Amino acid sequence: MMPSHQRLLLSILCLWAASGIALASAYGPSPEQWASKSILHILTDRFALEDCPTNPRPCKDLDNACGGNHIGLRQRLDYIQDMGFDAVWVSPVTSQTGGPVRELQDGWHGYWPKNLWDLNSGFGTPKDFADLTKAMHDRGMWVMLDIVPNHSGYFAEDNIHEMTFDKPEYYHSCNECEKGTCNNKDESPRQLDICRIKGLPDLNQTVPYVAETLLKWMSWIRDEYQIDGFRVDAAKHMPAKFMQDMKKRSNIITIGEVLNMDWNNGTRHLANMVATNQLHSQLSYGLYGASGRVFLGPDGKTPYKPANTTLLKEAMDVVMETMPNSAHLLGNFMDNHDMPRLASYDKINDDLILNSLVFTYFIPGIPIVFYGTEALLEVQREPLWENSTYDRTAPFYINLKMLNWYRQELKLWQQSYEPVYVDGFVFAFTRGPAALVVLSGYAAKQHPEELPRTVALTNLPEGMRGTTLYNIFDRNVTLMVHADGSADLALTGIGPLVFVHQAFSREQFYPNQHSQLLMPVDQIVLLITVISMIATCLGIWWGLLHPPNWVLHCASCLSERFTAKSASDTTSAVLPSDDSSDSSHGSQSDRDKCDPDMKSIQAKLERHAAKRSPERKSLAGGASKVDSAADLHKSTSLRCIAELDTDDEDYTLAAVRGKYPDTAGHTPASSSAASTHSVQPLPDNSMMHVAMEYTIPELGLDGFVFGGLGKVVDTFARDWPGDMVLCAPLYAGAYSDPSDTAPKFISGPAVLRFDVHVNNQAHQVEVFDLNIADTPAGKARRYLLLQANVFRHRTRSDIYSFASEHEMITWLSIVNQAVATVCLNWGVRRLQLHDYHGALSLQYIEKSHRPEVLYIAHNAHYNGVFALPTKQRRAYLYNMFNLNPAAVSQYTEHKSAFDTLHSLLAHMVEAQKGVGCAAVSPKYASEIRTRLSPFWQIPQDEVIGILNAMDPTGTWAGDGISADEAITRKTAAKLKLQQRMGLAVGEQFQLAIFLGRLTHQKGVDIIAEAAPQFMARHPKLQLLVLGPLGDVAGAEAQEALATLAVDYPGRLVAPANHYVSGEEKDLVLAAADYCLCPSRYEPCGLVDIEFGWYGGLIIGNQTGGLGKMPGFYFQAAAATVPHLAAKLTSAFQAALSISADKRRQLVGDALARRFPVDAQMQAYQKLWRKIDTASSAAAASGRQQRAANSDTDTYFAQSWQRRNLNLQAAAIAAAPPAGVVNVTITRSVTSDSSDDKSPTVAVASTRSKSGGGFSLSRLSRLGQKQQPDKKACKKYQQDEEITPKHAFSNYLVVLLQSMSMLPSLMLLAFMVLQQISRQTWSTCPLRPHDNEWLPGLNSLVMRVIWQLVLSTAAAPLWTTLAFRNTPRGYVHIVCFTTVACLMIVVLSFIWHQMMNVALLLVSPFALAGAPLVSLGFMGCNQELSEVRRLCKDTASCTCASLAVICIAMPHDTCCISAWVS
C-alpha cells in the first residue's frame, strides 16, 4: 500500500495537472499583449446596417433600435482595419429587457441584460456573432466584449421568472437607498455597492449563486466566441472580492469603467483598484477630466472650467506616480457613449480635436476611439450611416490611420515617457528617442497673439541629439536637435506637432486605388465586363462599317472556309454587284446567261427606278443607268454597310444659321503714320494674332492694355521675328470724340463693313486696316482693328466688365463672328489666339478653310463656359452665337455646358493632332493639364509651358543700378507716394502694395481676411490696395478693407476702382517695399517682375508662374480663406523679420533677374513648326481615310442582296401607280425531277386596288421555266470568291448575334451571385432586395420565367424589323439596342433597386441578333434556303429546319412556316 505522504504528493500532482489542462483549454491572450492594440469603440446597433445598403433607412428614434447588427459590423471590417485599428470594443450581446416605459424603449445598447445565456436577437443569431469574431481573428483583430455583471435589466414582479436571476434575493434591497428610485444617495462605497444605477436592479454578488453564475457565464462566452478582452461596466459598483475573483477567472484582460473624472483623487482610486487585483486596467476617466478641460473648451456639456496645458503634465505625473507598471494598459479616450462627442463642443475646431487624439495615442496606455470620430459626428449615439458614407478619404479617417500607423511603427508601448516642456499654452513630452510630441490646448486658441513664437527645448533624449526630426502631419516642418539635446521649436499655430526620425507625406495614407472602389470588387468586375461588352459591340459596328486593313490581312487566312460552292450546289438567285466592271463578280452577260429571267426583271426594276428618281444624273450629265439590283438598292436609299464618309474635301459644314456676312469694300486713304489698303490676302508666312488687349508700339499707343495679356501681345508686336498681323477691337481711347466714325490715328473709312447676327439682331462691324510703313524686311506689322458699338465705349479699365451675362454673350458672339469674317476675307493661314475670346471663331468657318491655330492660355480658368440646364437655355445660347447646334454641338458642348474653349481644343485634336496649346509658364501648363477638363482631350505632353518674357529697358534693373541705390531711390519715392495717397509720411514705414484687378482669383479677399492680424502685429506696416473692381469677391474685399482703414488711419488705403497707369504706376512700382501676390492661381504673373525690377520683394502664393522673383512665398494646403490668410500672415511675418543685409541681398537678386525675349520668341517659333508638321500629318491621314472609305461594297451588303432578293424586292421597288405590273420573284422545287435544283423565276401580273402594292404570294408554277446557261453560271459563281473583308464581316456578325443575348444572361448570373454572396462574403456583398422595385420578381425562378417569356414573345418583332430594314440599318439596330441594354445592366449594378425592372427591359432584346444569321445576312453559303434544298423528304426537311431554328433562334412562326414544306 502506498505511503500517505506519497498519496498526498500524487494528489497534488493530479490537481496541478488538472488545473494545467483547464488553464490550457481556456481561451485568451494575456493582458500584457493588449498594450500594443488600438481599440475602436462601437455601438453595434449604430455602426452598420446589414448588406451595406446604398440608401440606408434613417433612424427616427434614437431611444430604440436602429437596425445595426453583427453582420453589418462584419461587412464593414475593411473600413475599421484600413483605419489602422486592430481591436474592436463591441456592445454587450446578452438578450435585453425593455426600458422603464416598455413601449417606448428597448435595450438596443446592451446594458439591460435579461438572460445571460441568450444572445440579443436584434444583433443577429449566435452564428452571426461567431462569424464576426472568427472574421476578426482571421484578420489579426481582437474582440473586446462589453459585459454587465453589476445589474440586470428592468423587470416587474410578474416577469422576474424571465431573468437569469429569477429570485428577489439575488438582488440588493432598497432599504438604504434613495426612496422611490432606489438609486444611490451619495458616492460612498456602501451606497455604490448596494444601490441602483438609474433604477436598474442591482445584483448582489455576495450571494454565491449570483457570483458563480456570472463567473461561469464569463468563462463560457469567452471560450464559445473566442473573446480576447472584457470591458467591465459599472466596475466601482461591485464588491472588491467579486472583482478579484472575476479578474482571476477571466484569463483575459479586464478593463473597468470607474466613472470618476477627478484627475487627482479619481486617478488614485483607479490605481488602487488595479493594485488590489480587482482589475487589470481602467478606463482613464481621471485623465479625461483633465484633458477635457485643456482641449475641449466650455459649452455647458462638462462641469469643469477650461484649464491650460500645465494641467496635462500634472495629471500625467499622478498617473506615472500611481501606476508606474500598469500605465501602458490604461484605456485612454476623449469621448464615448456616455461623454459628449469631440465635434459637439461649440468652440472646438479641427486643431483641438487633433490635439486631443494625439494626446490619446502618444501618452502611455491603450488608445480607445469612439466610432464616428473619423467622420466628426456630433450627436452622441447617432447611427454612423446617417451622416457618413464610410468615406476612407475623410480628413480625420486619414488622421486616425496615421496615428495608428505611427503607434505601431514606433512601438510606443515600449518607449519611456518623459515631459520636456510645459507652459500655459504648450505641453511637450517625449516617448523615448522615437517621438517628440508638442500639444496646444483651448487656452492657446483663446490667445492667438501668443503665436508665432519660439520655444527653447532642452534635455531631449540621447537618440534625438544631432538629428533632424520631421513632423508627421507635415514633413516639411522640421526640428533640428543640437548635440547638447537642445532645440528651438518654432510655433506658428495650435495644431499638434509630432516629430519623429522619419515621416511620410499624408498622401501615402490615402487608400490605394483598389481600396477606393464605390462598389464591391465582384460588382466592379461585372461592371468592367459589361463595359467591355459595350466596347466590343461598338467595335463590331465600327468594324462592319470601316474594317481596318490589318484586320483584313489577318482574316485572309480564314477566307478559304467561306469559298463559294460550285454552281451545281447553288440554290440562290445571284444578283450582280453594282460595279459591273468588277471581274470578281462576273460580267453582265455572264449574269444574264446564268439566269435568263433576270434580264427581264432588271429591265422592269430599272424603269421603275427611273420613274422614282428622274433627277438622278451620271457624272457626265446624262441619266444614270441602273444596271443592277444593287444599284437600285442604292438609288432607293438602301445603303451598304460601309458608306462613304461625309467628311469629304468639298464638304461644307453648315454651322452658321444664316448667311455669311455681306462685305463692302472701301478704298482707304493714307496717313503720315500709317496707311491702309483694300482687302488683300495675307502672305502665307504671316500669322494673325487675336487679342482683346494690345499696343501699337509703332504709334506709341499703349492705352489698350488692361493686364498681363496686353503686355505679352506688346512683346510679340515689338519682337516677333517674322510678319505679324493683329486683329483686335477699337476702344474708347482710340477716338478723339465719342461720335467719331474712325479712330484718331487712321484717316479714311473702313476697308470692310459687314453685319453679324446675335439673337436674330444685326450688329454692324467695320474693319480698319492699319499697315505700318518703314518696318524692317521680314518683320511687317499690320493691324486689323474692329469697330463696333460693343467695343468703342469701353475703356482700358472695363474691357472685361459686363452688366449682365446677356451683354457678355453678345460681346463674345460679335468678337468670334468678326474674327471668322476677317479670316475668310484676308485668307488667314495661321491664327494665334490669346485666351479664349476668339476660340469659337473656327466654328463659323468651313473645315477646309480653317487656319492652323495656336492657343495661348494666359488665364484658362476664364474659358467662356455657359451652363445648358434646359432646352430653352440651349436654344437661346445657339441663337445668341448664331450657330447650328446640329453641326457644332460635338465641339461646343462639354459636361452639360456650352464651352467655347473646348470647341477650339476639340478642333485642335482633330486637325492638328492636339498640337498647338501653350501656357504662359511651365507650372501653369501642368496645372491646367491636370485640373481643367477641356484640356484632358489634348495629349499630356502637348500643353507646352513657355514663360513670358519682359524687357527691363526703362526700369531700375535696366539702368543697372545697385541694391543700395535702389533702396535709396525707393525711400524718396515712398515719401512721395505716401503724400499722394494720404498715407502717414515717414521713412520708418514698410510699404506693402497690391496692384491688380480686385478679384477672387487675385486673392484680394485673402488680404482683407489677413489684414486685421498683420496690421495689428506690425505697427510700422502700411498697406496700399490699388486696382479696378473685377468681381463680387473683389468688391466685398475692397469694402472690408475700406472699413478697416478707419481703424488704421494713415496706414491702410484701399480706394475703389483705382486704375493705375503711366507716371503714377512708375511711382507705385518705385515706392513699394513689398508687392502682394496672394493669387489663388496665377498663370504667369508679370506684376512681380515689374516690382522686382524696381527693388520690391514679393509676398505671395507660390502657384503658377509666381515664385520666379525673390520674395517670401507660401504654399497652401487648403483652399479655405482662413487657411490662406494664415499662410499670408506667416509670410508677412517672415518678410518683416529679415535683416537689412538680407533685404539688400534679395533686392540685388531681384534687379539681376532676366527673362529674355529671344528665348520666348524662339520657343513659339518651334511650336509653330510643330503645328505645321502635325497639321500636314492630320490632313494626309484624313485623305487616306476618305480613300479607304470610298470602297463601299462589303460582302455583307452583296450577300444580303443576292440571297434575299425574293424577300426584299418589295422593299427595293416602292409601290407603283395603279395598273402597273408588279414583279414577284420566287423559288420553287420541281417535284417531278429530283435532279433539277435550279431556281424558277416567275413574273406574276396583279392589279393593285389601292394604286400600288406588292404580293409576296408563294407561287409554284406561274411562269414557264427557262433553262439557264450552266456553263456561264458556273464561271460566274467560281469567280465569286469570298475576300478577307467578307470573312471578317462574317465573324463580326456571329459575334454580334451572341452579344445581343448577353445583357439578360448577365443579369441572371448576377442575381445568382447575389444569393450566394450574401451567405459567404465577409465584406459588403452584392446587395439583394434592398428596397427593390417589383419585389414580386425577387424569386430567381420567376426571373428566369419572365426572361424566357419576354425574349420569345419579342422574337417575331426582330424578324419583322430584319425584313423591313437594310443590312446596315439592322446592324445599327442590333448594335445600339445591345449597347442600350448593357447600359441598363450597368445602371442596375449601381442602383440595384431597379434590377427587376432592368430584367424586364432587356429580356425582349435577347434575340435581337438571331435574324442576323437566320435571314442570311452572313456571307455564308450554308443558309436556310440551302438547308431546305438538301432535304429529300419531309422527315429530313423537318430535322434540318429544327436544327437551323436551334442555331439561329428566329422565333418567328411565319418565317418557320415559309421555310418548312
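Anyway, here's the lowdown on the structure attached to this text. Note that the structure is predicted; figures quoted are calculated from it, not measured.

When its secondary structure is counted, the protein shows 46 helices and 37 strands. In the protein, which comprises 1461 residues, the share counted as buried stands at 55%. When contacts within the protein are restricted to residue pairs at least 6 apart in sequence, long-range pairs at least 24 apart make up 74% of them. Accessible area for the protein stands at about 60800 Å²; split by element, carbon and sulfur atoms hold 54% of it.

A few words on the pairing of strand β15 (residues 487–491). Taken residue by residue, a regular strand's side chains alternate between the two faces of the sheet. A one-sided burial pattern is seen for β15, the buried positions being A487, L489 and L491 and the unburied ones D488 and A490. Note: strand β12 (residues 453–457) against β15, 5 bridges, orientation antiparallel. Within β15, the residue paired with V455 across the bridge is L489.

Time to look at the side chain of H70. Turning to its location among the elements, H70 is positioned in helix α3 (residues 70–75). Among the residues examined, H70 registers a relative accessible area of 2% and is labelled buried. Every residue in contact with H70, bar those within four places of it in the chain, is listed here: T44, V93, F123, D128, F129 and L132.

A word on the nonpolar core. Grouped together as the largest cluster of nonpolar side chains are 179 residues, with contacts concentrated most on M688, Y694, Y855, F881, F935 and L1023. Ranked by residues supplied to this core, first place goes to helix α22 (residues 805–826) with 11 residues. Other than its neighbours up to four places away in sequence, Y694 contacts F704, V705, G710, V713, L726, A728, P729, L730, Y731 and L785. One finds W108, L296, Y361 and F370 within the second-largest nonpolar core, a separate group that totals 156 residues.

What follows is about the packing of helix α12 (residues 350–362) against helix α13 (residues 395–410). The packing of two helices is summarised by the inter-axis angle and the distance between the axes. Packing of α12 against α13 leaves a shortest axis separation of 11 Å and a crossing angle of 25 degrees. Considered as vectors, α12 and α13 are oriented roughly parallel to each other. Judged by the twist between their axes, the crossing of α12 over α13 is right-handed. Between α12 and α13, the residues in contact are D350, I353, L354, L357, V358, Y361 and F362 and F396, N399, L400, L403, N404, R407 and L410, respectively. Partitioning the contact of α12 with α13 into residue classes produces 10 nonpolar, 2 polar and 2 charged.

All right, on to the sheet that holds strand β11 (residues 435–440) then. Through backbone hydrogen bonds, the strands of a sheet pair up, either in parallel or in antiparallel fashion. Strand order in the open sheet made by the 6 strands is β9-β10-β11-β16-β13-β14, with antiparallel pairing throughout. With partners counted over all chains shown, the strands left at the sheet margins are β9 (417–422) and β14 (478–480), one partner each. Averaged over all pairs of adjacent strands, the angle between their axes in this sheet comes to 25 degrees, without regard to strand direction. Pairing of strand β13 (residues 468–471) with β14, which is carried by 3 bridges, proceeds in the antiparallel orientation. Its bridge partner lying in β14, T468 is registered against M480.

Turning our attention to the packing of aromatic side chains. Overall, the coordinates contain 38 aromatic pairs when judged by the stated rule. Aromatic side chains F129 and Y225 sit 4.9 Å apart centroid to centroid with 50 degrees between the ring planes, which places their arrangement in the tilted category. Highlighted residues: F129 in helix α5 (residues 126–138) and Y225 in helix α7 (residues 208–225), separated in sequence by 96 residues. No difference in accessibility class separates F129 from Y225, as the two residues are buried.

Moving on, we get to the sheet that holds strand β8 (residues 366–370). Ordered by their spatial adjacency, 8 strands build an open sheet running β6-β5-β4-β3-β2-β1-β8-β7, and the pairing between neighbours is parallel. Either end of the sheet is taken by a strand with one partner, and the two such strands are β6 (281–282) and β7 (331–332). Here β7 pairs with β8 via 2 bridges, running parallel. Within β8, the position partnered with N332 by the bridge is P367.

A contiguous nonpolar patch, built from V1341, M1342, I1345, W1346 and V1349 and spanning about 440 Å² of accessible area, is present on the exposed surface. The topology assignment puts W1346 in helix α40 (residues 1340–1364).

Before going further, it helps to examine the environment of I809. With respect to the helices and strands, the residue I809 is situated in helix α22. On the basis of relative accessible area, I809 is assigned to the buried category, the value being 0%. It is 9.0 Å that separates the C-alpha atoms of I809 and V758, two residues lying 51 residues apart in sequence. Each residue touching I809, except ones within four places of it in the same chain, is listed here: F866, Y876, L877, M880 and F881.

So, on to the pairing of strand β24 (residues 761–772). As defined by bridge partners, strand β23 (residues 752–758) adjoins β24 across 7 bridges and the pair is classed as antiparallel. Residue pairing for β24: L752 is matched across the bridge by V767. In textbook terms, the turn of a hairpin is the stretch between consecutive antiparallel strands, and for β23 and β24 this stretch comprises 2 residues, one of which, N759, has a positive phi near 55 degrees. The sheet contact formed by β24 and strand β25 (residues 781–787) spans 6 bridges and is antiparallel. Bridge assignment links L770 to a residue of β25, and that residue is Y783.

On to the packing of helix α10 (residues 285–295) against α12, then. Orientation of α10 relative to α12, taken along the N-to-C sense of each, is 155 degrees, at an axis distance of 10 Å. When the axis of α10 is compared with that of α12, the two are roughly antiparallel. Between α10 and α12 lies a crossing whose hand is right-handed. Mapping the contact onto sequence places L287, S291 and F295 in α10 and L352, N355, S356 and F359 in α12. The class makeup of the residues in the contact of α10 with α12 is 4 nonpolar, 3 polar and no charged.

The end-to-end C-alpha distance of helix α34 (residues 1140–1152) is 18 Å, a good match for the 18 Å that 13 residues give at a rise of 1.5 Å each. Within the span of α34, buried status applies to R1143, L1146, V1147, A1150 and L1151. Angular distribution of buried residues about the axis of α34 spans 140 degrees; they occupy a single face of the element. For α34, the exposed residues lying more than 90 degrees away from the buried face are D1141 and A1152.

What counts as what
- For every chain, the first residue of the written sequence is number 1, and numbering continues from 1 along that sequence.
- pLDDT decides what is reported in this predicted model: residues at 70 or higher carry local features, side-chain atom pairs at 80 or more are listed and counted, and totals for whole chains, interfaces and linings draw on all residues regardless.
- Side-chain descriptors were evaluated using all non-hydrogen atoms of the structure, hydrogens and water having been removed beforehand.
- Going along the chain from the N terminus, every DSSP run of H or I of four or more residues is numbered as a helix, and every run of E of two or more is numbered as a strand.
- Only protein chains enter the accessibility calculation, which uses a 1.4 Å probe. A residue is then buried if its area is under 20% of the maximum for its type, exposed if over 50%, and partly exposed in between.
- Any two residues whose heavy atoms approach within 4.5 Å are treated as being in contact.
- Accessible surface area values rest on a Shrake-Rupley calculation with a 1.4 Å probe, where residue burial reflects the displayed protein chains alone.
- One bridge is not enough; two strands pair if DSSP finds at least two bridges between them.
- Here, the term nonpolar core denotes a set of buried Ala, Val, Leu, Ile, Met, Phe, Trp, Tyr and Cys residues that are joined through side-chain atoms within 4.5 Å.
- Working convention: axes come from line fits to C-alpha atoms, limited for helices to the stretch in contact. Angles between N-to-C directions cover 0 to 180 degrees.
- In these notes the angle categories are as follows: under 35 degrees is roughly parallel, over 145 is roughly antiparallel, 65 to 115 is roughly perpendicular, and the rest is oblique.
- If you view the pair so one helix is near and one far, a crossing is left-handed when the near helix is turned anticlockwise from the far one by less than a right angle, and right-handed when it is turned clockwise.
- Side-chain classes are defined by residue name, with Ala, Val, Leu, Ile, Met, Phe, Trp, Tyr, Cys and Pro counting as nonpolar, Asp, Glu, Lys and Arg as charged, and the others, Gly among them, as polar.
- Stacked, edge-to-face and tilted are the three classes for Phe, Tyr and Trp ring pairs, Trp counted by its six-membered ring, which pair at centre distances within 6.5 Å; planes under 30 degrees apart are stacked, over 60 edge-to-face, the rest tilted.
- Residues enter a patch when their relative accessible area is above 30% and they make no salt bridge; the linking distance is 9 Å between like charges and 5 Å between nonpolar side chains (Val, Leu, Ile, Met, Phe, Trp, Tyr).
- Within this document, salt bridges are pairs made up of a side-chain nitrogen of Lys or Arg and a carboxyl oxygen of Asp or Glu, the two lying within 4 Å of each other.
- Helices are assigned an expected span. That span is 1.5 Å times one less than the residue count.
- Arc definition: it is the arc formed by the directions from the helix axis to the C-beta atoms.

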